[in-house]
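Below, each chain spelled out in residue letters.
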Amino acid sequence: MRFTSQVLVCALVAGYFCSQANAFPQYLSAFQAKYPTSTLPSRMAASPIGENCGVCHHSPVKSDLGNCYRVDIITALATMTIEQALDALDGQDSDGDGVPNGMEITAVRSDLPGEVGYSPGRVGPTGTDPCLGAGTPLPTGQLETPPPIPTMSTWGLAVLTLLIMVSATILMQVRLRKAVVVVR
Ligand SMILES: [Ca+2]
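Reading the values: rules and limits
Residues numbered from 1 in each chain as written. Predicted model: local features only at pLDDT ≥ 70, side-chain atom pairs only at ≥ 80, totals over all residues. Helix = DSSP H or I, 4+ residues; strand = E, 2+ residues; numbered from the N terminus. Buried ≥ 20, exposed ≤ 12 C-beta atoms within 10 Å, placed from the backbone. Contact = placed C-beta atoms within 7 Å. Arc of directions from axis to C-beta. Axes fitted to C-alpha atoms, helices over the stretch in contact; angles between N-to-C directions. Parallel < 35°, antiparallel > 145°, perpendicular 65-115°, else oblique. Left-handed = near helix turned anticlockwise from the far one by under 90°. Nonpolar A, V, L, I, M, F, W, Y, C, P; charged D, E, K, R; others polar. Core = buried A, V, L, I, M, F, W, Y, C linked by C-beta atoms within 7 Å. pLDDT = per-residue confidence, 0-100.

Peer 1: Teacher, can you tell me more about the overall build of the protein chain here?
Peer 2: Counting secondary structure elements, the protein chain contains six helices and zero strands. Put simply, the protein chain has 184 residues, and 26% of those count as buried. Long-range pairs, those at least 24 residues apart, make up 50% of the contacts in the protein chain between residues at least 6 apart in sequence.

Spelled out as structure tokens, the structure:
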């Protein structure tokens, strides 16, 4: 009887961990299906993190809360599927760096030719996680906050306006001179 109970408990525990282990590739597959151009998973595998699960997890510890993106995914999964959760989080900013998740994941990396995507759960030049869980999060060692989109300063806009006005004035003068010559 005791032996039977022990076998049952072992089977349940093994089943739990198997289901947990199987869930991760399923979630990663859903991520890759939604963002097929992103090279983030393979870059996480090549980084000090060492595996593509680092998109969400603190490798090698999978049982902790994970990075900011995973925190949001866990919350969303309470009421929806992984596909719906990824859709719902696409426009949100999980790591609080000012850039929506979907935009981070699909951004072309000017600093890494051929690579696409920043981490939606990590920030800064080392890829640290502002939502630190209980594990041992390794930095990516790469820029994980997209550089700000360059915007034109007020002075730049004023100079551009002045150049356009001067160019238009010169063009009008040239056309007027040609018109005068034709009339004469
Ligand atoms: Ca972000």
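Peer 1: I would appreciate a short explanation of helix α4 (residues 82-89) in the present structure.
Peer 2: Note on helix geometry: an α-helix contains 3.6 residues per turn, so any two residues three or four positions apart are oriented the same way. Residues of α4 that are buried include every one of Ala85, Leu86 and Leu89, and no others. Here the buried residues of α4 occupy an arc of 100° about the axis, which is enough to place them on one side.

Peer 1: I'm lost on unusual backbone geometry in this one. Help?
Peer 2: When glycine is set aside, most residues are seen to have a negative phi, and most peptide bonds are trans. Going from serine 59 to proline 60, the amide bond is cis rather than trans, its omega being 0°. Within the element layout of this structure, proline 60 appears in the loop between α2 (40-46) and α3 (68-77).

Peer 1: For this particular structure, what's the right way to read the environment of phenylalanine 31?
Peer 2: Among the secondary structure elements, phenylalanine 31 is positioned in helix α1 (residues 2-34). Placed 24 residues apart in sequence, phenylalanine 31 and valine 55 show a C-alpha to C-alpha distance of 9.3 Å. Other than its neighbours up to four places away in sequence, phenylalanine 31 contacts Val55 and Leu86.

Peer 1: Got a minute to help me understand the packing of α3 against α4 in this structure?
Peer 2: How two helices sit against one another is set out by the angle between their axes and by the gap between those axes. The N-to-C vectors of α3 and α4 enclose an angle of 125°; their axes lie 9 Å apart at closest approach. What the angle tells us is that α3 and α4 run oblique. Of the two elements, α3 crosses α4, and the hand of that crossing is right-handed. The residues of α4 that touch α3, namely those facing Asp72, Ile73, Ala76 and Leu77, are Ile82, Ala85, Ala88 and Leu89. Its residues assigned to classes, the contact of α3 with α4 comprises seven nonpolar, no polar and one charged.

Peer 1: Before we go on, may I ask you to explain the nonpolar core in this structure?
Peer 2: Note on soluble globular proteins: their nonpolar side chains tend to be buried together. Among the nonpolar cores identified, the biggest contains 17 residues, and Phe31, Val55, Cys56 and Ile73 are the most heavily contacted of them. Put simply, the parts of the chain that give this core at least two residues each are α1, α2, α3 and α4. Apart from residues no more than four positions distant in its own chain, valine 55 is found in contact with Leu28, Phe31, Leu40, Pro41 and Met44.

Peer 1: Honestly, α3 in this entry has me stumped. Any pointers?
Peer 2: All of the buried residues in α3 are Cys68, Tyr69, Arg70, Asp72 and Ile73. Those residues of α3 that are buried lie in contact with α4 and α5 (101-106).

Peer 1: What is the right way to read the environment of leucine 28 from this model?
Peer 2: Tracing the sequence through the fold places leucine 28 in helix α1. Taking the C-alpha atoms as reference points, leucine 28 and isoleucine 82, 54 residues apart in sequence, are found 9.6 Å from one another. The contact partners of leucine 28, leaving out residues within four places of it in the chain, are Pro41, Asn52, Cys53 and Val55.

Peer 1: Before we go on, may I ask you to explain the confidence of the model for the protein chain in this structure?
Peer 2: Low pLDDT marks regions whose predicted coordinates should not be analysed in detail. On average, the protein chain scores 85 in pLDDT, and the residues at 70 or more come to 85%. Long-range and interchain partners of residues 1-22, a stretch whose pLDDT sits below 50, account for zero contacts in this model, where long-range means more than four residues apart.

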